[in-house]
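Secondary and tertiary structure notes
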Amino acid sequence: MHRIRRLFLPIDSLGPADTAARVGQLLGGLVLYGLSLAMLIRADLGVGPWDVFSLGIANHLPMSYGTATVVVSGIVLLLWIPLRQRVGIGTLLNALLVGPAADIGLWLLPEVDALWQQILLLAGGMVLLAFATGFYIAAHLGPGPRDGLMTGLVRITGWRVWIVRTLIEGTVLLIGWLLGGPVGVGTVVFAFGIGPLIGLFLPLFERRRTRRASRLRAARLAASTAR
């Protein structure tokens, strides 16, 4: 049992209410993340490298995009084992929920033909994805499968983050493209635009988390002093 526990990241909680709020934040962020992926796919201007890979797999196997995303996440998590990465509840929920949420989004969103509609979906999808990324990461319940792969390789190789990320995403993009995944101008826009957008949202949610944690610690200290 002790060995199993060592595989998982502990939840650093400030109480049941804090844990519940963070899990809710995690779930909300992952659902929004899946919906943002559906928007990018419906834009039909090209998607991010990992989604090119998942859509390429879905082209050749009897499965939806969402199912292919879950399968890819599972494969990536298997690569964590030799890297000795520790799994968090956020990691597992990310692997299981983003794909189905994207399938629901694809069911809800109609296909569009007008270029202005495609551009709006691309822009809106990227903004929502950046918002959702900052929202769920700030819950601090474990990295996503792909982020954990990157950080694990950085730790093992000693290479810089941008080199490892470029190699990983370049590889999956090439394989996905060879499998027929959609590569287009949206892929380029995503590659250069998503980082700065996440850089806008993530600090906002991190500061919000820090303020909430400070209030909870102060309330706990006041309660212990009053006893």
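In case you missed it, the structure is sitting above this.
We now turn to the structure provided with this report. (Residues numbered from 1 in each chain as written. Predicted model: local features only at pLDDT ≥ 70, side-chain atom pairs only at ≥ 80, totals over all residues. Heavy atoms only, no water.)

1. A word on the overall build of the protein chain
What the protein chain contains, in helices and strands, is nine helices and zero strands. Counting helices and strands in the order they occur from the N terminus, the protein chain gives α-α-α-α-α-α-α-α-α. Relative to the 2.2 N^0.38 estimate, which gives 17 Å for 227 residues, the radius of gyration of the protein chain is 19 Å and therefore close to what a compact globule would have. Here the C-alpha coordinates of the protein chain stretch approximately 65 × 40 × 35 Å along the principal axes. Residue burial in the protein chain is summarised as follows: out of 227 residues, 42% are buried. (Helix = DSSP H or I, 4+ residues; strand = E, 2+ residues; numbered from the N terminus. Rg over C-alpha atoms; globule rule 2.2 N^0.38 Å. Buried < 20%, exposed > 50% of the residue type's maximum accessible area, 1.4 Å probe, protein only.)

2. So, helix H7 (residues 145–157)
The end-to-end C-alpha distance of H7, which contains 13 residues, comes to 18 Å, matching closely the 18 Å that a straight helix rising 1.5 Å per residue would cover. Every buried residue of H7 is listed here: Pro-145, Arg-146, Gly-148, Leu-149, Met-150, Gly-152 and Val-154. Contacts from the buried residues of H7 go to helix H3 (49–60), helix H4 (65–83), helix H5 (89–108) and helix H8 (161–178). At the C-terminal side of H7, Gly-158 shows a positive phi close to 80 degrees. (Expected span 1.5 Å × (residues − 1). Contact = heavy atoms within 4.5 Å.)

3. What to know about a positive patch on the surface
Together, Arg-207, Arg-208, Arg-211 and Arg-215 line one region of the surface with positive charge. Take Arg-211: it is sitting in helix H9 (residues 185–226). (Patch = residues over 30% accessible without salt bridge, like charges linked within 9 Å, V, L, I, M, F, W, Y side chains within 5 Å. Areas by Shrake-Rupley, 256 points an atom, 1.4 Å probe, with all protein chains shown as cover. Salt bridge = Lys/Arg side-chain N within 4 Å of Asp/Glu carboxyl O. Lys, Arg positive; Asp, Glu negative; His and termini not counted. Charge placed at Lys NZ, Arg CZ, Asp CG, Glu CD.)

4. Quick look at the pattern of salt bridges
On inspection of all chains with the given rule, the structure shows four salt bridges. We note a salt bridge from Asp-18 to Arg-22, for which the minimum N-O separation is 3.4 Å. Highlighted residues: Asp-18 and Arg-22, both in helix H2 (residues 16–43), separated by four residues, approximately one helical turn. Both residues of the pair, Asp-18 and Arg-22, belong to the buried class. One connected set of salt bridges, linked through shared partners, spans Asp-18, Arg-22, Arg-209 and Arg-212.

5. Observations concerning the environment of Leu-174
Tracing the backbone shows Leu-174 in helix H8. Given the relative accessible area of 47%, Leu-174 is considered partly exposed. For the pair Leu-174 and Phe-53, spaced 121 residues apart in the sequence, the C-alpha separation amounts to 8.1 Å.

6. Remarks on the nonpolar core
Judged by nonpolar contacts, the single largest core of 34 residues is most densely connected at Leu-26, Leu-37, Leu-40 and Tyr-65. Of all the secondary structure elements, the ones that give two or more residues to this core are H2, H3, H5, helix H6 (115–137) and H9. The biggest single contributor to this core is H2, with eight residues. Each residue touching Leu-37, except ones within four places of it in the same chain, is listed here: Asp-51, Tyr-65, Val-98, Ala-102 and Leu-129. Counting residues in hydrophobic clusters, the runner-up holds 18 residues, among them Val-76, Leu-83, Ala-95 and Val-172. (Core = buried A, V, L, I, M, F, W, Y, C linked by side-chain atoms within 4.5 Å.)

7. A short note on unusual backbone geometry
In most cases, non-glycine residues show a negative phi, while peptide bonds are predominantly trans. The backbone phi angle of Asp-44 is positive, close to 60 degrees, even though this residue is not glycine. Take Asp-44: its relative accessible area is 56%, and that puts it in the exposed class. Look at His-140: it is not a glycine, yet its phi comes out positive at around 55 degrees. Looking at the element boundaries, His-140 is found in the loop between H6 and H7.

8. Looking at the side chain of Ser-36
Following the sequence through the fold, Ser-36 ends up in helix H2. Excluding its chain neighbours within four sequence positions, the residues that come into contact with Ser-36 are Gly-125, Leu-128 and Leu-129.

Keep in mind these numbers describe shape, not what the thing actually does.
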